[in-house]
Amino acid sequence: GGDGAGGGAAPAAGAAAEAAAGRVLFPPTFSVSEIKNKQRRHFMFQRWKQQQRKEKLASRKKRRKEREALGDQAPPKPVPKTIENQRIYDETTVDPNDEEVAFDESTDEFAPYFNRQTIPKILITTSDRPRGRTVRFCEQLSTVIPNSHVYYRRGLALKRIIPQCIARDFTDLIVINEDRKIPNGLVLSHLPDGPTAHFRMSSVRLRKEIKRKGKEPTEHVPEVILNNFTTRLGHSIGRMFASLFPHDPQFIGRQVATFHNQRDYIFFRFHRYIFKSEKKVGIQELGPRFTLKLRSLQKGTFDSKFGEYEWIHKRREMDTSRRKFHL
């Protein structure tokens, strides 16, 4: 079979099991991809998938009944294997009690923020002459990050913007880049001394594109959750995101900004939680949402030509194993 959905072959074992159950769908050596008619092939493939789902559900029910019958004697549930929990150990994984890490953190560029000497003030800008979707994204991002200001730039170089930002006490600069009217990159530069991180941005969803979304966010300072930033590099990136938000969240607003790192992809979500009872909590997504992938971390502020890079993602050298992660 040439084109068409799914050339999945129904395994002989599955067919044999069906024969035993008295409902023969396929002969034992039959493969769906042998069917020449595309519609028929698609239909049979869907039917086979449905059968697989039924069998999976039946065996799950059977296992659950067995567990219930055994009660306390039931063996512990096996932990499923995931790429995440089979991760190759990274020697730069941070130990929270490490004195060297504590010293580095007390002297790095974010120390003034964590010592409460500075108050975050963010400038959000765009690539040259942004289009509608990028403009809306920037506006929505500014409602998530308190004390942030949107500025649309026309032909003004980033290197010229940075001194103006520093003179006006901005602590961070966020640049949203776009390609074919779609936001596809984010540059985050911590002022006045850096560092600067370049991210690839994907899966951007604006507020109106999110199903079952809550009402517009309020102006309360949100809580910030940083998940899974375990290595030294991840730690730096986590501190970078943390320093965008004021220190004391206003819990009365019940708003949460989450940066969740999984397999080196950083998923951003913005929620409001609602107490349904003393034990039950519901969450509403407010949006926007997006996914980031770190491309490089540069010392100092934005300088694409002469900047000194702390870390650059080199796919051919670094992505040798699917279980190796850098954050």
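Residues numbered from 1 in each chain as written. Predicted model: local features only at pLDDT ≥ 70, side-chain atom pairs only at ≥ 80, totals over all residues. Heavy atoms only, no water.

Going by the annotation in an unreviewed UniProt entry, the name recorded for the protein is Ribosome production factor 1, with Nothocercus julius given as the source organism. The UniProt entry for the protein carries the following comment under Function (unreviewed entry): "May be required for ribosome biogenesis." Listed under Subcellular location (unreviewed entry) in UniProt, the entry text for the protein is "Nucleus, Nucleolus". (UniProt positions renumbered as here; feature names shortened; annotations may be inferred.)

**Some words on the pattern of salt bridges**
Summed over all chains, the structure comprises 9 salt bridges. Linking D104 and R232 is a salt bridge whose minimum nitrogen-to-oxygen distance equals 2.3 Å. With D104 in helix α3 (residues 99-107) and R232 in helix α7 (residues 232-242), the pair connects residues that are 128 residues apart, well separated along the chain. Residue D104 is classed as partly exposed on the basis of its relative accessible area of 29%. Overall, R232 belongs to the partly exposed group, its relative accessible area being 31%. (Salt bridge = Lys/Arg side-chain N within 4 Å of Asp/Glu carboxyl O. Helix = DSSP H or I, 4+ residues; strand = E, 2+ residues; numbered from the N terminus. Buried < 20%, exposed > 50% of the residue type's maximum accessible area, 1.4 Å probe, protein only.)

**Overview of the nonpolar core**
I174, F199, I237, F241 and I266 are the most contacted members of the largest nonpolar core, which totals 37 residues. Contact partners of F199, with chain neighbours within four places excluded, come to G185, L186, L188, I237, F241, I266, L292, K293, L294 and R295. L156, L158, L191 and F302 belong to the second-largest nonpolar core, a separate cluster that totals 12 residues. (Core = buried A, V, L, I, M, F, W, Y, C linked by side-chain atoms within 4.5 Å. Contact = heavy atoms within 4.5 Å.)

**A closer look at the packing of aromatic side chains**
Summed over the entire model, instances satisfying the criterion amount to 10 aromatic pairs. Where F259 meets F268, the ring centres are 5.0 Å apart and the plane angle is 55°; that geometry is what we call tilted. With a centroid separation of 5.6 Å and 80° between ring planes, the pair formed by Y273 and F275 is classed as edge-to-face. Of the aromatic side chains, those joined through ring pairs into one cluster are F137, F199, F229, F241, F245, F259, F268 and F290. A cation over an aromatic ring shows up here: K121 above the ring of F170, its NZ or CZ 4.5 Å from the ring centre. Taking NZ or CZ as reference, K293 lies 5.1 Å from the ring centre of Y265, over its face. (Phe/Tyr/Trp six-rings, centres within 6.5 Å; stacked < 30°, edge-to-face > 60°. Lys NZ or Arg CZ within 6 Å of the ring centre and 35° of its normal.)

**Notes on a positive patch on the surface**
There is a patch of like positive charges on the surface, built from K49, R53, K56, R60, K61, R63, R64, K65 and K77. Looking at where R63 falls in the secondary structure, it is placed in helix α2 (residues 38-70). (Patch = residues over 30% accessible without salt bridge, like charges linked within 9 Å, V, L, I, M, F, W, Y side chains within 5 Å. Areas by Shrake-Rupley, 256 points an atom, 1.4 Å probe, with all protein chains shown as cover. Lys, Arg positive; Asp, Glu negative; His and termini not counted. Charge placed at Lys NZ, Arg CZ, Asp CG, Glu CD.)

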